[in-house]
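Structure assessment
Residue strings, one per chain:
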Amino acid sequence: MHGLGGSRHSFDRIVPDLATQREVVLLDLPGFGGTPPLAGEPSVAALTDAVAGFLTDHDLTGADLVGSSLGARMVLEMARRGIGRHVVALDPGGFWNDRELRVFSASLRASVALVRGLRPALPTLLGNPVGRTALLAQFSARPWAVPAATAINEVAGLADAPGTDATLRALVDGPRQAGAPAATAPGRLVIGWGRRDLVTVPAQAARAAGRFPDARLHWFERCGHFPQWDAPAEATRVILEATVAA
């Protein structure tokens, strides 16, 4: 499950290697990619309800779950509810303090406004390493190395997706992520965090681990908000190790 403004293509760098050893199901969350928005104002709980319904409808309630950013928060919420089996959450939101939330809100809203203003030029700007370095520095520790197609999909989605504004409001104005007591996770639980994450900053990792004491915390060195971009081989290994059959 992808993050704000993303789509199933957010995982394009790691899906080929994952798919050699696992059956992979990729989702566009409501309001993003090819999925229409939910009726009314969304919330993390409502988005999670929608995905949980999808899993039930497709006989996937025992599947292993992997999420990034917003999607990482959602897979943690599902683990808290006892949905799914093994879970990998990469740089989840919802564990900020008041000051960090204000910075998150201001910086993300500024980023959305910027990419909307630059929308006609995004393919050209993101088609070269210099443009990617300028526009992706908030999200990646190695923005010049992010493939152009990945960058264009992600940034264009942030600008264009009908769910961007309402979902961002839900993240900023809604409750923080609740935790789960020890020994209640439905399977293995791994929380991954980039040491250089400028969106959900590394100080939040300890709060996430504290609220989910069943989790193992994995640090991605020299990595920003998206390990699947900055450390694709390591992210693939972490996911495969967490989801291996017992």
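From a predicted model like this one, the values you see are computed outputs, not experimental measurements.

Another point: the overall build of the protein. Looking only at helices and strands, one finds 11 helices and four strands in the protein. The C-alpha radius of gyration computed for the protein amounts to 17 Å, which stays within 12% of the reference 18 Å derived for 246 residues, consistent with globular compactness. Taking the principal axes of the C-alpha coordinates as reference, the protein spans close to 50 × 40 × 35 Å. Put simply, the protein has 246 residues, and 50% of those count as buried. For the protein, the proportion of contacts with a sequence separation of at least 24, taken over those separated by at least 6, is 70%. Accessible surface, the protein as shown: approximately 10400 Å² in total, 58% of it carbon and sulfur.

Let us now look at the environment of Val 130. Of note, Val 130 is situated in helix α6 (residues 129-136). It is 19 Å that separates the C-alpha atoms of Val 130 and His 225, two residues lying 95 residues apart in sequence.

On to unusual backbone geometry. One non-glycine residue, Ser 69, lies in positive phi territory at about 60°. Tracing the sequence through the fold places Ser 69 in the loop between β1 (65-68) and α3 (70-81). Accessibility expressed as a relative area gives 12% for Ser 69, which makes it buried. The phi dihedral of Asp 91 falls on the positive side, at around 50°, and the residue is not glycine. Mapped onto the secondary structure, Asp 91 falls in the loop between β2 (87-90) and α4 (98-117). The exposure class of Asp 91 is buried, given its relative accessible area of 0%.

A few words now on the nonpolar core. Counting residues in each nonpolar core, the largest one holds 53 residues, and the members touching the most others are Met 1, Val 51, Met 74, Phe 104 and Phe 212. Counting residues per element, this core draws most heavily on α3, which supplies seven residues. In this structure, Met 74 is in contact with Met 1, Leu 29, Val 44, Leu 47, Thr 48 and Val 51, ignoring residues within four places of it in sequence. By size, the runner-up hydrophobic cluster in this structure holds 15 residues, among which are Phe 11, Ile 14, Val 15 and Ala 242.

Viewed as axis vectors pointing N to C, α4 and helix α7 (residues 148-160) meet at an angle of 100°, and their least axial separation amounts to 8 Å. On the basis of the axis angle, α4 is roughly perpendicular to α7. Residues Val 112, Val 115 and Arg 116 of α4 pack against Val 155, Leu 158 and Ala 159 of α7. Looking at the contact of α4 with α7, its residues break down into five nonpolar, no polar and one charged.

So, about the pattern of salt bridges. Tallying each qualifying case throughout the model produces 12 salt bridges. In this structure, Glu 221 and Arg 195 form a salt bridge, with 3.0 Å as the shortest nitrogen-oxygen distance. Of the two residues, Glu 221 sits in the loop between β4 (216-220) and α10 (227-230) while Arg 195 sits in the loop between β3 (189-194) and α9 (203-211), which places them 26 residues apart along the sequence. What makes Glu 221 partly exposed here is its relative accessible area of 41%.

It is worth spelling out α3 at this point. Between its first and last C-alpha, α3 extends 17 Å over 12 residues, near the 16 Å set by a 1.5 Å rise per residue. With respect to burial, α3 is a largely interior element, 10 of its 12 residues being buried. Listed in full, the buried residues belonging to α3 are Leu 70, Gly 71, Ala 72, Arg 73, Met 74, Val 75, Leu 76, Glu 77, Met 78 and Ala 79. In this structure, the buried side of α3 is in contact with α2 (44-57), β1, β2, α8 (164-173) and β3.

Reading guide: rules and limits
- Residues numbered from 1 in each chain as written.
- Predicted model: local features only at pLDDT ≥ 70, side-chain atom pairs only at ≥ 80, totals over all residues.
- Heavy atoms only, no water.
- Helix = DSSP H or I, 4+ residues; strand = E, 2+ residues; numbered from the N terminus.
- Rg over C-alpha atoms; globule rule 2.2 N^0.38 Å.
- Buried < 20%, exposed > 50% of the residue type's maximum accessible area, 1.4 Å probe, protein only.
- Contact = heavy atoms within 4.5 Å.
- Areas by Shrake-Rupley, 256 points an atom, 1.4 Å probe, with all protein chains shown as cover.
- Core = buried A, V, L, I, M, F, W, Y, C linked by side-chain atoms within 4.5 Å.
- Axes fitted to C-alpha atoms, helices over the stretch in contact; angles between N-to-C directions.
- Parallel < 35°, antiparallel > 145°, perpendicular 65-115°, else oblique.
- Nonpolar A, V, L, I, M, F, W, Y, C, P; charged D, E, K, R; others polar.
- Salt bridge = Lys/Arg side-chain N within 4 Å of Asp/Glu carboxyl O.
- Expected span 1.5 Å × (residues − 1).

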